[in-house]
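# Coordinates in review
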Amino acid sequence: MYMGYGYGYGAGAGVTAVLVIIALIAAIIVAVMGYKKYAIDPTEERMNINDRSTWGPFLRFDTLLIDKIVKALYIFNALFVAFVYIAVLIGSLFNGFGAFLATLIFGGLACLVIELLVRVFHESIMLAVIVARNTSDIKRMMGANGSGSGSLPSPATLQPGPVPPAPAPSSTYPEPPTSPIPPGIS
């Protein structure tokens, strides 16, 4: 029996390959739309090529772009993994019900594990970005305290606070008992 192009196992692989390409394009489109809708902070100042006042913070690395890039990549990667799982699931229909059922169960578990690993990977990158941003904010706040140097003030310039006076000795304490046995007990 002749198995030409488009029949048998070749059809499932061909369909899966086409669906993976469609999944890639769909993940890019949905990631851009999702980033614009959910990940952009409306209160954040944006970099504008025509406005030269925004160039300074950008060139001094006062504003970080990597957190925006990591957020966009996370959205894309999460969507791409989910869309590829759906593409492989549809492609497994051409290999019979048993292959479809196995792909549904084991592919679903693999998809969940991969999604979790993608999330952990992007969170670890974002953790380093958040630490860098917080350090930069602390440095900027220290520079705004009037010294302008961005460093901690020297101990010589710090004024000590008022010291409370020591308590005066008092004779209101009761006298200790002279006998270790209380009176009336023999």
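Residues numbered from 1 in each chain as written. Predicted model: local features only at pLDDT ≥ 70, side-chain atom pairs only at ≥ 80, totals over all residues. Heavy atoms only, no water.

### Notes on the pattern of salt bridges
In the structure shown here, the tally under the stated rule is three salt bridges. Here D67 makes a salt bridge to K68, at a shortest N to O gap of 3.9 Å. The residue E123 makes a salt bridge to R119 at a minimum N-O spacing of 2.7 Å. Placement of both E123 and R119 in helix α4 (residues 97-143) is noted, with a separation of four residues, approximately one turn of the helix. Since its relative accessible area comes to 42%, E123 is described here as partly exposed. A network of salt bridges, in which partner residues are shared, links D67, K68 and R133. (Salt bridge = Lys/Arg side-chain N within 4 Å of Asp/Glu carboxyl O. Helix = DSSP H or I, 4+ residues; strand = E, 2+ residues; numbered from the N terminus. Buried < 20%, exposed > 50% of the residue type's maximum accessible area, 1.4 Å probe, protein only.)

### Concerning the packing of aromatic side chains
What the rule picks out here adds up to two aromatic pairs. Seen from their ring centres, F76 and F80 are 5.8 Å apart, and the 15° between their planes marks the pair as stacked. A residue pair is termed a helical-turn pair when its members lie 3 or 4 positions apart in one helix, as F76 and F80 do in helix α3 (residues 66-91) at four residues. Of the residues examined, F80 reaches a relative accessible area of 24% and is grouped as partly exposed. Geometrically, the ring pair formed by F97 and F100 is tilted, given 6.4 Å between the ring centres and 35° between the ring planes. Taken together, the residues F97 and F100, both in helix α4 and three residues apart, mark about one turn of the helix. What makes F97 exposed here is its relative accessible area of 61%. Just above the ring of Y74 sits the side chain of R119; from NZ or CZ to the centre is 5.1 Å. (Phe/Tyr/Trp six-rings, centres within 6.5 Å; stacked < 30°, edge-to-face > 60°. Lys NZ or Arg CZ within 6 Å of the ring centre and 35° of its normal.)

### Focus: the nonpolar core
Residues V81, Y85, L89, F100, C111 and V118 constitute the largest nonpolar core, which totals six residues. In this structure L89 touches F100, T103 and L104, once residues within four positions along its chain are discounted. (Core = buried A, V, L, I, M, F, W, Y, C linked by side-chain atoms within 4.5 Å. Contact = heavy atoms within 4.5 Å.)

### Let's talk about α3
Counted at 1.5 Å a residue, the expected span for α3 with its 26 residues is 38 Å, and the 36 Å between its end C-alpha atoms agrees. Along α3, the residues classified as buried are D67, V70, F76, A78, V81, Y85, A87, L89 and G91. (Expected span 1.5 Å × (residues − 1).)

### Quick word on the side chain of E115
For E115, the position within the fold is in helix α4. Salt bridges are absent for the buried E115, whose nearest opposite-charge side chain, R119, sits at 8.8 Å. Within polar-contact distance, the side chain of E115 engages the backbone nitrogen of A82 at 3.5 Å. Setting aside anything within four residues of it in sequence, one finds E115 in contact with A78, V81 and A82. (Lys, Arg positive; Asp, Glu negative; His and termini not counted. Polar contact = N/O pair within 3.5 Å; in protein donor to acceptor, adjacent residues only side chain to side chain.)

### Some thoughts on the packing of α3 against α4
Between α3 and α4, whose axes approach to 9 Å, the crossing angle comes to 175°. Taken together, the axes of α3 and α4 lie roughly antiparallel to each other. Taken together, the residues of the contact of α3 with α4 sort by class into 18 nonpolar, five polar and five charged. (Axes fitted to C-alpha atoms, helices over the stretch in contact; angles between N-to-C directions. Parallel < 35°, antiparallel > 145°, perpendicular 65-115°, else oblique. Nonpolar A, V, L, I, M, F, W, Y, C, P; charged D, E, K, R; others polar.)

### Section: the confidence of the model for the protein
Confidence in the prediction of the protein, expressed as mean pLDDT, is 80, and 75% of residues score 70 or more. When the elements of the protein are averaged for pLDDT, helix α2 (residues 55-59) gives the smallest value, 76, and α3 the largest, 93. (pLDDT = per-residue confidence, 0-100.)

### Details of a nonpolar patch on the surface
A contiguous nonpolar surface patch, about 700 Å² in accessible area, is contributed by I21, L24, I25, I28, I29, V30, V32 and M33. If you trace the backbone, I21 turns up in helix α1 (residues 9-39). (Patch = residues over 30% accessible without salt bridge, like charges linked within 9 Å, V, L, I, M, F, W, Y side chains within 5 Å. Areas by Shrake-Rupley, 256 points an atom, 1.4 Å probe, with all protein chains shown as cover.)

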